[in-house]
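What the coordinates show
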Amino acid sequence: MAEFEPVLSRNWNVTDGHTLKVYESRGGYQAARKALTTLDPDKVVGIVKDSELRGRGGAGFPCGLKWSFLPKDRKETFMCVNGDESEPATFNNRILIEKDPHQFIEGILIACFATKANTAYVYLRVEYFHAYKVLEAAVAEARAAGHLGKNIYGSGFDLDIWLHRGAGAYICGEETGLIESLEGKRGWPRIKPPFPAIEGAFRKPTVVNNVETLCCVPHIIERGAEWFKSIGTPKSYGPKLYCVSGHVNKQVCVELPLGITCRELIDKHAGGVWKNRKAKAAVPGGISMGLLSAEELDTPLDFESLRKPGCLGLGTAAVTVMDEHTPIIDYLYNCARFFAHESCGQCTPCREGTGWLYKMLKRIKAGGGRLEDLDIMANMANNMGIMPGTTICGLADGAAWPIKNGVAKFRAELEEYIKTHQDPAYGATTLQAAIAKGAYAVPHNGLPPVINSVPTAGALRSPHSA
Amino acid sequence: MAGETTTATPMLTEAIREKIRAYIPRYPSKRAVTLPALHIVHEYFRCVPYQAMAEIAEILEITPAEVHDTMSFYGFFPQAPIGDVRVWVCRSISCMLRGGEDMLNHACHRLGIHPSETTADGKLTVDFAECLGICDFAPAAVADDGRMFGPLTPEKVDAMIDELKQERKD
Ligand SMILES: Cc1cc2nc3c(=O)[nH]c(=O)nc-3n(C[C@H](O)[C@H](O)[C@H](O)COP(=O)(O)O)c2cc1C
Ligand code: SF4
Ligand code: FES
């Protein structure tokens, strides 16, 4: 295999690489010029389709195919670029914007030309203060130089790019939550169908793409679909920005061919596990994707391979490494707290499920765990999400996966934790104990008796310890 | 019904209103200007009081309830003024693994406040945040003028606080 040549990050270490002058001097905007002046939109869609570029935002949906779902007879199209980037441990979009904003703008330009969108909104999370400033300046530069605006390169194609800042909500990264938020409402995801390609922003056909997905596009136009497909593993083509953080020596974002193994990423590119320790587990692509155990670290990080160890997918390819001293309960608790905080609250299984998972893990962590909690949590996790068909969006699946993987892969450790961390303060009250024993009418502090039905099997008793 | 301004003296100056109106041509609907307007108001007042929401509603020809509904969904807009600088300390996974929660506690302890509170001199608000997207600096923090901090240690948190109490850098 030929030596891998990074393209997405090629300007990152160049002095003033974020300026138009330097970008153009390194061949920038040539792909856009080629597309707008020598190709027609359908041809561009065709090339991207042939490259089999899959969305980098988490779901891995084929980009060209998504573009081809737009109705042929549409009058107006909107492009919404997803720069909400809030999946824990993910920061590649930020670096792409900060270090090479013109590559991003060129990607938007070509994608808009292909999809016939004359307006693009870049939805950027508000915490990206610096990226916002850099991008705003770059858009102004590009407009002044004629890369944006009216009749670009004399092609007759017009494009405006507007930056739209979020306000601190993870759910606005979900494509229809993003659209609702853009429209000035709460970021409540919509029920699909209709998909955004048919009815999206302002009820018009809309394309939602991730920042990195669009940054791949100029290179595909410049070098061709075959070049793109020569990189990566089957069904996962092209270069990918991998983020590594947590217990490693060097927290980095590095561009590699899709399909590198998690172990190689950690050892070769992130300087290995810190403090000369061993890895205990790693999050493969943002916490929504679940967990790889130490034995599973040779799994290739691509769109297909992560299903084998039971993970949800590649997600954002953001790896978080945990060393051998990390209690799994801390990981589970942190994940559950995140999703309980970020659930938008529309769907009962997600709102209540994330809330209860968080409360249970908090109780277990504090010394009030019961062995049956593990089964209850696994059961809840199996029943919340679009996969079991109980919620509107995938946040709930993402909340379920750490629980599913964590309980399945680290059950022994969790049981041990529960057994060795028992705080008497969490013991059953007299009332609870009486109910569990099957008392029908329980006297209760001189108040009218609590009328109780027959207790369910296992109430307040552990199936494992009974 | 479009929101009526409830008092004789409007809260939003003509300059602020002009800034909000400038966003209207960017979108097919005026309501889409809600978040930009909230950001503009928040930048001026360091909070979004009810009257400001009513006035935004008037400009955008929607109801104050619609503005409030949107505003209250997001964690970003406080009702009462916050400090001159707001800093978020991350508590999500990669930062947590490297001591992020201790950094938050350390900052609050040193300032004698709880997360989400403002120091008595009105200079600094400290808040927790979920992943800030700067995990390469974990454990990390970001201030609302764009300054990033990390990887934090207790000493670096002290230095961060001293620096943030000086003045904004935007
Ligand atoms: C809860 C949730 C959060 C998401 N957050 C993001 C995000 O921050 N950035 C992103 O690009 N995609 C995010 N997505 C995926 C988007 O819904 C969508 O699939 C993606 O933006 C499409 O772009 P792509 O095809 O270019 O990847 C999220 C999905 C879900 C369910
Ligand atoms: S699954 Fe959760 S986050 Fe998604 S729409 Fe339903 S309640 Fe909201
Ligand atoms: S986990 Fe803290 S910045 Fe990402």
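As the structure is a prediction and not an experimental result, all values here were calculated from the model.

Helix and strand counts for chain A come out as 17 helices and 13 strands. For 466 residues, the compact-globule formula gives about 23 Å, and the C-alpha radius of gyration of chain A, at 25 Å, lands near that figure. With respect to the three principal axes, the spread of C-alpha positions in chain A is 85 × 50 × 35 Å. Taking all 466 residues of chain A together, the buried fraction comes to 59%. In chain A, the proportion of contacts linking residues at least 24 apart, taken out of those at least 6 apart, comes to 69%. By element, 54% of the accessible surface of chain A is carried by carbon and sulfur atoms, the whole surface being about 18400 Å². Of note, chain A has its 53 positive side-chain charges centred 3 Å away from the centre of its 50 negative side-chain charges.

Of the regular secondary structure elements, chain B holds seven helices and five strands. Structurally, chain B occupies a C-alpha span of about 55 × 35 × 25 Å along its principal axes. Among the 170 residues that make up chain B, the fraction classed as buried is 55%. Taking the intrachain contacts of chain B between residues at least 6 apart in sequence as the baseline, contacts between residues at least 24 apart amount to 62%. In the form shown here, chain B has an accessible surface area of approximately 7100 Å², with 54% of it arising from carbon and sulfur atoms. Looking at chain B, you have 17 positive and 25 negative side-chain charges, and the mean spots of the two groups are 3 Å apart.

To continue, consider the sheet that holds strand 9 (residues 279–283) of chain A. Within the open sheet, the five strands sit side by side as 8-7-11-9-10 (chain A). Their pairing is mixed. Among the strands making up the open sheet, the edge pair consists of strand 8 (252–257) and strand 10 (292–293) of chain A.

Read from one edge of the open sheet, four strands run 3-2-1-4 (chain A), paired in parallel fashion. The sheet terminates laterally at strand 3 (160–165) and strand 4 (206–210) of chain A, the two strands that pair on one side only. For this sheet, the mean inter-axis angle between neighbouring strands, taken without regard to orientation, is 20 degrees. The sheet contact formed by strand 1 (residues 78–83) of chain A and strand 2 (residues 119–124) of chain A spans six bridges and is parallel. Paired with Asn82 of chain A across the strands is Tyr123 of chain A, a residue of strand 2 of chain A. Strands strand 2 and strand 3 of chain A of the sheet are contacted by helix 2 (residues 34–45) of chain B, whose axis makes an angle of about 60 degrees with strand 3 of chain A.

Let's shift gears to the nonpolar core. With 167 residues, the main nonpolar core has Trp67 and Ile161 of chain A together with Ile20 of chain B as its most contacted residues. Those residues in contact with Ile161 of chain A that lie beyond four places of it in its chain are Ile105, Ile108, Ala120, Val122, Val139, Arg143 and Leu148 of chain A. The next biggest cluster of nonpolar side chains, apart from the first, holds 26 residues, and it includes Leu256, Ala282, Leu292 and Val321 of chain A.

Before going further, it helps to examine the confidence of the model for chain A. When the pLDDT values of chain A are averaged, the result is 94; 93% of them are 70 or greater. In the model, residues 462–466 of chain A has pLDDT below 50 throughout and makes eight contacts with residues more than four positions away in sequence or in other chains.

What follows covers the pairing of strand 1 (residues 85–90) of chain B. All names here are of chain B. With six of its six residues buried, strand 1 lies for the most part within the structure. Residues Val85, Val87 and Val89 line one face of strand 1 and the alternating positions Arg86, Trp88 and Cys90 line the opposite face, and both faces are buried. In this structure, strand 1 lies alongside strand 3 (residues 124–129), joined through six bridges in parallel fashion. Of the residues in strand 3, the one forming a bridge with Arg86 is Thr125. Across three bridges, the pairing between strand 1 and strand 4 (residues 141–143) is antiparallel. Within the sheet, the bridge partner assigned to Val87 lies in strand 4 and is Ala143.

The next thing to look at is the site of ligand 1. Residue and element names in this part refer to chain A. Taken together, 18 residues lie around ligand 1, and Gly57, Asn82, Asn209, Asn210 and Thr213 are the ones closest in. Within the backbone of Arg56, a nitrogen or oxygen atom sits 3.2 Å from an oxygen atom of ligand 1. Contact between ligand 1 and Glu85: an oxygen atom at 3.1 Å from a main-chain N or O atom of the residue. Relative to its unbound accessible surface of 610 Å², ligand 1 loses 89% to contact with the protein. Per-element tally for the shell around ligand 1: the top contributor is strand 4, with three residues.

Before going further, it helps to examine the domain arrangement of chain B. Each assigned domain of chain B is listed here: domain 1 (14–73) and domain 2 (85–166). Spacing between the C-alpha centres of domain 1 of chain B and domain 2 of chain B amounts to 29 Å.

Now for the pattern of salt bridges. Tallying each qualifying case throughout the model produces 42 salt bridges over all chains. Asp298 of chain A is the salt-bridge partner of Arg263 of chain A, the closest N and O atoms lying 2.9 Å from each other. Placement of Arg263 of chain A in helix 11 (residues 262–269) and of Asp298 of chain A in the loop between strand 10 and strand 11 (318–323) is noted, with a sequence separation of 35 residues between them. Arg46 of chain B serves as the salt-bridge partner of Asp144 of chain B, at 2.7 Å between the closest nitrogen and oxygen. Of this pair, Asp144 of chain B sits in the loop between strand 4 and strand 5 (148–149) while Arg46 of chain B sits in the loop between helix 2 and helix 3 (50–60), and the two are 98 residues apart along the sequence.

Conventions and cut-offs
- Residues numbered from 1 in each chain as written.
- Chains lettered and ligands numbered in written order.
- Predicted model: local features only at pLDDT ≥ 70, side-chain atom pairs only at ≥ 80, totals over all residues.
- Heavy atoms only, no water.
- Helix = DSSP H or I, 4+ residues; strand = E, 2+ residues; numbered from the N terminus.
- Rg over C-alpha atoms; globule rule 2.2 N^0.38 Å.
- Buried < 20%, exposed > 50% of the residue type's maximum accessible area, 1.4 Å probe, protein only.
- Contact = heavy atoms within 4.5 Å.
- Areas by Shrake-Rupley, 256 points an atom, 1.4 Å probe, with all protein chains shown as cover.
- Lys, Arg positive; Asp, Glu negative; His and termini not counted.
- Charge placed at Lys NZ, Arg CZ, Asp CG, Glu CD.
- Pairing = 2+ DSSP bridges.
- Axes fitted to C-alpha atoms, helices over the stretch in contact; angles between N-to-C directions.
- Core = buried A, V, L, I, M, F, W, Y, C linked by side-chain atoms within 4.5 Å.
- pLDDT = per-residue confidence, 0-100.
- Near = heavy atom within 4 Å.
- Polar contact = N/O pair within 3.5 Å; in protein donor to acceptor, adjacent residues only side chain to side chain.
- Domains from an automatic or database assignment.
- Salt bridge = Lys/Arg side-chain N within 4 Å of Asp/Glu carboxyl O.

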